[in-house]
Every structure is written in structure tokens, then in C-alpha cells.
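Survey of secondary and tertiary structure
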Amino acid sequence: RLTFHRRPVERVRFMQTAAPPGIVSELQEIFADIFEHDAALDLGTSPETVVKWDSLGHIALVRSIEDRFSIALSMDEMMEIQTVGDIIEVLRRHGA
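Now for a description of the structure that goes with this document.

Further remarks concern the pattern of salt bridges. Taken as a whole and assessed by the stated rule, the structure comprises 9 salt bridges. Note that Arg68 is salt-bridged to Asp33, the shortest N-O span being 3.9 Å. Of this pair, Arg68 sits in helix H3 (residues 55-69) while Asp33 sits in helix H2 (residues 21-35); the two residues are 35 residues apart in sequence, bridging distant segments of the chain. Judged by its relative accessible area of 31%, Arg68 is partly exposed. As a salt-bridge pair, Arg63 and Asp67 come within 3.2 Å of each other at their nearest N and O atoms. Residue Arg63 and its partner Asp67 are both found in helix H3; the two are separated by 4 residues, about one turn of the helix. Taken together, the salt bridges that share partners define one network made up of Glu26, Glu29, Asp33 and Arg68.

And the structure:
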């Protein structure tokens, strides 16, 4: 069975069909601002596919997500974020 960042492929596909469009557009803006990444995002978008997503960029990403969605992420949640799909899952848990 194929896995992507320790998540089964089937789960990633499920999240893709259920991702709220408002969240996706907000994330698109965040990625454009922080990483200058204007390409379309998908659930598999990760540091491997976004050139400027490095450790410092990750901190900026987390901070921007917290500010934009008015949430506070735990250290575990910050470390959990490896893909856009992970971000959406974390936001869902926070009620976004």
C-alpha cells in the first residue's frame, strides 16, 4: 500500500473531496505571501514541491495560519504539518 508522509493515500483522496473551498483559497493566499508560490495547491503540496518551504518558512507558515484562522497550534500540530492536507486536517480539528 502506498503512503505519503505516513498517511494512507485513500485518506488523502477523501480529504481532497471534502476540503472547504474557503480554506483552500485562504491557504493559497498564505502560500503566495510566504513562499511566493502561485501554483495551485493540492493535498500533497509539501516542502518537496514548494521551493521556499524550508524550516524558517515553516515557522512563518504556522504563524500565518494561526493569525489568519485565529487559532493557536500545539507544538505537536506544528510538527504534524507536512502537507496542505495536514494543514486542512489540523484546521478542521480547530473548527475552521
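Ranked by internal contacts, the top residues of the largest apolar core, which has 22 residues, are Leu27, Phe31, Leu61, Ile65, Phe69, Ile87 and Leu91. Of all the secondary-structure elements, those providing two or more residues to this core are H2, H3 and helix H5 (84-93). Sequence-distant contacts of Ile87, that is, excluding residues within four places in its chain, are made with Leu27, Phe31, Leu61, Ile65 and Ile81.

At a closest axis distance of 11 Å, the pairing of H2 and H5 adopts a crossing angle of 125°. Judged by the angle between their axes, H2 and H5 are oblique. For the pair H2 and H5, the sense of crossing is right-handed. Mapping the contact onto sequence places Ile23, Val24, Leu27 and Phe31 in H2 and Val84, Ile87, Ile88 and Leu91 in H5.

A few words now on the packing of aromatic side chains. Counting across every chain of the model gives 3 aromatic pairs. Look at Phe31 and Trp53: their rings are 5.5 Å apart centre to centre, the planes differ by 80°, and that puts the pair in the edge-to-face class. Linking Phe31 in helix H2 with Trp53 in the loop between H2 and H3, this pair joins segments that are 22 residues apart in sequence. The pair Phe31 / Trp53 is uniform in exposure class, with both members buried.

Thresholds applied
Residues numbered from 1 in each chain as written. Predicted model: local features only at pLDDT ≥ 70, side-chain atom pairs only at ≥ 80, totals over all residues. Heavy atoms only, no water. Salt bridge = Lys/Arg side-chain N within 4 Å of Asp/Glu carboxyl O. Helix = DSSP H or I, 4+ residues; strand = E, 2+ residues; numbered from the N terminus. Buried < 20%, exposed > 50% of the residue type's maximum accessible area, 1.4 Å probe, protein only. Core = buried A, V, L, I, M, F, W, Y, C linked by side-chain atoms within 4.5 Å. Contact = heavy atoms within 4.5 Å. Axes fitted to C-alpha atoms, helices over the stretch in contact; angles between N-to-C directions. Parallel < 35°, antiparallel > 145°, perpendicular 65-115°, else oblique. Left-handed = near helix turned anticlockwise from the far one by under 90°. Phe/Tyr/Trp six-rings, centres within 6.5 Å; stacked < 30°, edge-to-face > 60°.

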